[in-house]
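Okay, here's what each chain looks like letter by letter:
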Amino acid sequence: FSKRRAMKKILHIFLAIVVVLSISLASLAFYGYVQFQRFSAQTGSLTTLVEQVENSDSYVEYHDLPNTLIRATVSIEDHRFFEHDGVDYIGLVRAILSQINENLLKSGGSTITQQLAKNLYGQYDSNLSWKLAEFFFARELESHYSKSEIFALYVNVINYGNGYVGIKEASEGYFGKEPADLSDAQCTILAGIPQVPNKYELTSTENVQDAKERQKLVLDAMVEYKYLNQTQADEIYA
């Protein structure tokens, strides 16, 4: 009898926890949606901001981007980009684990879609209000634009250091080339810069060395996700 009462008590506690968590999540979702509407009203709709980027003279279409740049960027920033719906819950768990387990490749929890939203709205010092709203912006991007469109938008707004915003400015500024003409080595070093642009920008001997170390991580990720074999990665790095 006492055992049955104990089990009943545990069940009640469990149900209470589930109810509290459900209410908390619902409250956060509602607050996030309110913030999503607020940011849209203050800065502009996603459609408007996307059109501004696409109408820029420096805009580079997806089909004009080198495959290596696409694969390198996806590998190091968001390797499940072509699979998730804007928010990668598996990647988020992996990012947390990578901070604990040194054998895992270090990664962030934000997807390319989320980073695109952040850059479109200029939310570089993300607070809780933005992070909750970001979920809705990411889902809206994924519902209105294809993966290729989202990726192209991302590399056209991201900071590549030294004042270069977007892949065209970075390609021409660092290497004097159109993006389509970048070598594999140049693609993989550029893909590593956006994580910490002022550290990896190719403006000093020290920065270039840091960028080369970051490039090695990019190539390791490409090998891990089967875009390259180790021999190819070593050749590119050299």
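Everything below is about the structure shown above.
About the criteria used
- Residues numbered from 1 in each chain as written.
- Predicted model: local features only at pLDDT ≥ 70, side-chain atom pairs only at ≥ 80, totals over all residues.
- Heavy atoms only, no water.
- Helix = DSSP H or I, 4+ residues; strand = E, 2+ residues; numbered from the N terminus.
- Buried < 20%, exposed > 50% of the residue type's maximum accessible area, 1.4 Å probe, protein only.
- Contact = heavy atoms within 4.5 Å.
- Axes fitted to C-alpha atoms, helices over the stretch in contact; angles between N-to-C directions.
- Parallel < 35°, antiparallel > 145°, perpendicular 65-115°, else oblique.
- Nonpolar A, V, L, I, M, F, W, Y, C, P; charged D, E, K, R; others polar.
- Phe/Tyr/Trp six-rings, centres within 6.5 Å; stacked < 30°, edge-to-face > 60°.
- Lys NZ or Arg CZ within 6 Å of the ring centre and 35° of its normal.
- Polar contact = N/O pair within 3.5 Å; in protein donor to acceptor, adjacent residues only side chain to side chain.
- Core = buried A, V, L, I, M, F, W, Y, C linked by side-chain atoms within 4.5 Å.
- Patch = residues over 30% accessible without salt bridge, like charges linked within 9 Å, V, L, I, M, F, W, Y side chains within 5 Å.
- Areas by Shrake-Rupley, 256 points an atom, 1.4 Å probe, with all protein chains shown as cover.
- Salt bridge = Lys/Arg side-chain N within 4 Å of Asp/Glu carboxyl O.

Please clarify how the side chain of Thr68 should be interpreted in this entry.
Inspection of the secondary structure puts Thr68 in helix α3 (residues 67-77). Under the relative-accessibility criterion, Thr68 is labelled buried at 17%. For Thr68, the contacting residues outside a window of four places in its chain are Asp184, Cys187, Thr188 and Met222.

Please explain the packing of helix α9 (residues 184-192) against helix α11 (residues 205-224) as it appears in this structure.
The relative placement of two packed helices is expressed as an angle between their axes plus a distance between the axes. At a minimum axis distance of 8 Å, the contact between α9 and α11 shows a crossing angle of 105°. Relative to α11, α9 is oriented roughly perpendicular. Between α9 and α11, the residues in contact are Ala185, Thr188, Ile189, Ala191 and Gly192 and Ala211, Lys212, Arg214, Gln215, Val218, Leu219 and Met222, respectively. Among the residues making up the contact of α9 with α11, the classes are represented as 7 nonpolar, 3 polar and 2 charged.

Even after reading the chapter, I still don't get the packing of aromatic side chains, so can you show me in this structure?
The geometry of an aromatic ring pair is captured by two quantities: the separation of the ring centres and the angle between the planes. The tally for this structure, following the rule as stated, stands at 11 aromatic pairs. Here the aromatic rings of Tyr121 and Trp130 are separated by 5.8 Å at their centres, their planes lie at 40°, and the arrangement is tilted. By relative accessible area, which is 6% here, Tyr121 ends up buried. Relative to Phe136, the ring of Phe135 lies with its centre 5.2 Å away and its plane at 90°, an arrangement referred to as edge-to-face. Overall, the relative accessible area of 28% leaves Phe135 in the partly exposed class. Pairwise contacts between aromatic rings join Tyr62, Phe81, Phe82, Phe151 and Tyr154 into one cluster. Residue placement shows Arg38 over the ring face of Phe39; its charged tip is 4.7 Å from the ring centre. We note Lys147 situated over the ring of Phe81; from NZ or CZ to the ring centre the distance is 4.5 Å.

Explain the side chain of Gln215 here, please?
Mapping Gln215 onto the fold places it in helix α11. The exposure class of Gln215 is buried, given its relative accessible area of 1%. At 2.8 Å, the side chain of Gln215 and the side chain of Lys212 are in polar contact. Apart from residues no more than four positions distant in its own chain, Gln215 is found in contact with Ala185, Thr188, Ile189, Ile236 and Tyr237.

Teacher, can you tell me more about the nonpolar core here?
If you look at soluble globular proteins, the nonpolar side chains tend to sit buried side by side. Core analysis: the biggest nonpolar cluster contains 44 residues, and Leu120, Phe137, Tyr160 and Ile167 have the highest contact counts within it. Secondary-structure elements contributing two or more residues to this core are α1 (2-43), α2 (46-54), α3, α5 (112-120), α6 (128-144), α7 (147-157), α8 (167-175) and α9. At 7 residues, the largest contribution of residues to this core is made by α7. Aside from chain neighbours lying at most four places away, what touches Tyr160 is Val155, Gly166, Ile167, Ala170, Tyr174, Leu190, Ile193, Pro194 and Pro197. Ile76, Ala191, Val218 and Ile236 belong to the second-largest nonpolar core, a separate cluster that totals 12 residues.

Explain a nonpolar patch on the surface to me, please; I cannot follow it from the model alone.
Together, Leu11, Phe14, Leu15 and Val18 line one region of the surface with nonpolar side chains, adding up to about 360 Å² of accessible area. As for its position among the elements, Val18 is in helix α1. When its relative accessible area of 34% is taken as the criterion, Val18 is described as partly exposed.

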